[in-house]
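Single-letter residue listing:
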Amino acid sequence: MAKGKVIIISAPSGCGKSTIINALLNRGEVDMRFSVSATNRQPREGEKHGVNYYFLTDEEFRKAISADEFVEYEEVYPGRYYGTLKSEIARIVDEGHNVVLDIDVKGGVNVKRMYGHEAVSIFIKPPSVEALRLRLEGRGTETAEAIDQRVARAEFEISYAPQFDHTVVNDDLMEAIDNVSRILKEFTGR
Ligand code: ADP
Ligand code: 5GP
């Protein structure tokens, strides 16, 4: 059985990555399974361990690093770690499915470098940084301080866009979903 390929989706927080990935998973037009990352941040309301993330304590995260369990990991915000587990990617691609990673820009660039032609990287861009702030405020899952932190990081993250294979602007949501879907059909059909 052919192994699956790696789909990398990166964007500043609040750009609509999760919304787009969930829409694509629901549409089922492209065969892909979500790689559940590990993090030491607190779950948001409604988030479930093993579904959205593996929520680890600081100690558990450190142990996973020592045990070499990550393909990559980053301190995306001060003290907040996120990592892609080797076991997740292996399980999914070995079953012949494509794996989709929702991952920060540094991790995205690193994973693309590791997997080369077996991976496609897509950067989702907000129409503007102001629009991004409004979306984060609208989502209502972060404190004002965390929103400031995420918006401040967005400019830095947007500077990584040229290192991705494709950039899709998420202004009109349906259009963005269609554009990502088209890229993935082309990539996975190859
Ligand atoms: P991310 O996963 O990138 O942090 P989310 O998918 O949680 O972002 O989206 C952040 C917020 O913006 C959510 O409340 C979502 O419903 C909203 N959103 C996503 N895409 C759009 C869009 N094109 N226009 C307006 N709001 C959007
Ligand atoms: P959030 O806290 O909003 O769920 O995620 C914050 C940021 O961490 C997002 O940019 C998200 O893509 C990124 N992220 C999630 N999982 C991983 C991962 O496994 N590795 C890396 N490097 N970043 C991740």
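In this text the structure is predicted, and so the values were computed from the model without any measurement.

*Asks:* Account for the overall build of the chain, naming residues and giving values.
*Replies:* Along the chain, the regular secondary structure elements total seven helices and nine strands. Over its C-alpha trace the chain gives a radius of gyration of 16 Å, about what one expects of a compact globule, namely 16 Å for 190 residues. In the chain, which comprises 190 residues, the share counted as buried stands at 49%. If you sum the accessible surface of the chain, you get close to 9,600 Å²; carbon and sulfur atoms cover 49% of it. Taking the 25 positively charged and 31 negatively charged side chains of the chain as two groups, their mean positions are separated by 2 Å.

*Asks:* Can you break down helix H7 (residues 173-189) residue by residue, with the values?
*Replies:* Because each turn of an α-helix spans 3.6 residues, side chains separated by three or four positions in sequence point in the same direction. In this model H7 runs 24 Å from its N-terminal to its C-terminal C-alpha over 17 residues, within 8% of the 24 Å that 1.5 Å per residue would give. Buried residues of H7: Ala176, Ile177, Val180, Ser181, Ile183, Leu184 and Phe187, and no others. The buried residues of H7 occupy an angular sector of 165° when projected down its axis, which confines them to one face. For H7, exposure combined with an orientation more than 90 degrees from the buried face picks out Glu175, Arg182, Glu186 and Gly189. Those residues of H7 hidden inside the fold are in contact with strand S1 (6-10), helix H1 (17-27), strand S8 (119-125) and strand S9 (166-169). For H7, the side-chain oxygen to backbone nitrogen distance between the N-cap and methionine 174 is 3.3 Å, and the N-cap itself is aspartate 172.

*Asks:* Let's hear about the site of ligand 2: which residues, and what values?
*Replies:* Surveying the vicinity of ligand 2 reveals 19 residues, the closest of which are Ser37, Arg41, Tyr53, Tyr82 and Asp102. At 3.1 Å, a backbone N or O of threonine 84 approaches an oxygen atom of ligand 2. Aspartate 104 has a polar side-chain atom sitting 2.7 Å from a nitrogen atom of ligand 2. Here ligand 2 loses 96% of its free accessible area of 510 Å² to cover by the protein chains.

*Asks:* So what's going on with H1? Residues and values would help.
*Replies:* What H1 keeps buried is the set Lys17, Ile20, Ile21, Ala23 and Leu24. The buried residues of H1 occupy an angular sector of 160° when projected down its axis, which confines them to one face. Residues of H1 that are buried in the fold lie against S1, strand S2 (33-34), strand S7 (99-102), S8 and H7. Where H1 terminates, the next one or two residues include glycine 28, which has phi positive at roughly 65°.

*Asks:* Go over the site of ligand 1 with me, naming the residues and quoting the values.
*Replies:* Close contacts around ligand 1 come from 13 residues, with Gly14, Ser18, Thr19, Arg139 and Asn170 the closest. Separating a nitrogen atom of ligand 1 from a side-chain N or O atom of arginine 135 is a distance of 3.3 Å. Interatomic distance of 2.8 Å between a backbone N/O atom of aspartate 171 and a nitrogen atom of ligand 1. For ligand 1, whose unbound accessible area comes to 560 Å², protein coverage reaches 75%. If you list the elements that add at least two residues to the shell around ligand 1, you get H1 and helix H5 (129-139). When residues of the shell around ligand 1 are assigned to their parent elements, the largest contribution, three residues, is made by H1. Here the residues of the shell around ligand 1 are counted per class, giving three nonpolar, six polar and four charged.

What counts as what
- Residues numbered from 1 in each chain as written.
- Chains lettered and ligands numbered in written order.
- Predicted model: local features only at pLDDT ≥ 70, side-chain atom pairs only at ≥ 80, totals over all residues.
- Heavy atoms only, no water.
- Helix = DSSP H or I, 4+ residues; strand = E, 2+ residues; numbered from the N terminus.
- Rg over C-alpha atoms; globule rule 2.2 N^0.38 Å.
- Buried < 20%, exposed > 50% of the residue type's maximum accessible area, 1.4 Å probe, protein only.
- Areas by Shrake-Rupley, 256 points an atom, 1.4 Å probe, with all protein chains shown as cover.
- Lys, Arg positive; Asp, Glu negative; His and termini not counted.
- Charge placed at Lys NZ, Arg CZ, Asp CG, Glu CD.
- Expected span 1.5 Å × (residues − 1).
- Arc of directions from axis to C-beta.
- Contact = heavy atoms within 4.5 Å.
- Polar contact = N/O pair within 3.5 Å; in protein donor to acceptor, adjacent residues only side chain to side chain.
- Near = heavy atom within 4 Å.
- Nonpolar A, V, L, I, M, F, W, Y, C, P; charged D, E, K, R; others polar.

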